[in-house]
Amino acid sequence: MWCGTRFVHPNTVRYRLRKAKELLHGKLTTSSMIANLHLAYQDEILALQEGHREYPHLS
């Protein structure tokens, strides 16, 4: 499992969050949005927790 730390500039984080909000047509802080995103990425989340390398883009 990946345990390193990567630096991401704060402006990059803001930009990506703003783009995600635009693409998803909603606030990323609502409980329904968080639940939908969790369900949409559940396979990837479980693979990361189990240490599988099936999703190299997440490593």
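Residues numbered from 1 in each chain as written. Predicted model: local features only at pLDDT ≥ 70, side-chain atom pairs only at ≥ 80, totals over all residues. Heavy atoms only, no water.

S.K.: Tell me about the overall build of the chain, and name the residues and values.
M.R.: Within the chain one finds 3 helices and 0 strands. The helix and strand sequence of the chain, counted from the amino end, reads α-α-α. A burial count over the chain gives 7% of its 59 residues as buried. When the accessible surface of the chain is split by element, carbon and sulfur atoms take 58% of a total near 5,300 Å². (Helix = DSSP H or I, 4+ residues; strand = E, 2+ residues; numbered from the N terminus. Buried < 20%, exposed > 50% of the residue type's maximum accessible area, 1.4 Å probe, protein only. Areas by Shrake-Rupley, 256 points an atom, 1.4 Å probe, with all protein chains shown as cover.)

S.K.: Can you explain the pattern of salt bridges? Please cite residues and give values.
M.R.: Overall, the coordinates contain 1 salt bridge when judged by the stated rule. Residues Lys-19 and Glu-22 are paired through a salt bridge, measuring 3.6 Å at the closest nitrogen-oxygen approach. Here Glu-22 and Lys-19 lie together in helix H1 (residues 10-24), a separation of 3 residues that amounts to about one turn. Looking at Lys-19, the relative accessible area reads 33%, which means it is partly exposed. (Salt bridge = Lys/Arg side-chain N within 4 Å of Asp/Glu carboxyl O.)

S.K.: How would you explain a nonpolar patch on the surface if you had to name every residue and give the values?
M.R.: A surface patch of nonpolar side chains, about 230 Å² in accessible area, is lined by Val-8, Val-13 and Leu-17. By the element assignment, Val-8 lies in the segment before H1. Classification of Val-8 by relative accessible area gives partly exposed; the value is 37%. (Patch = residues over 30% accessible without salt bridge, like charges linked within 9 Å, V, L, I, M, F, W, Y side chains within 5 Å.)

Interpretation in functional terms is not warranted from these geometric data alone.
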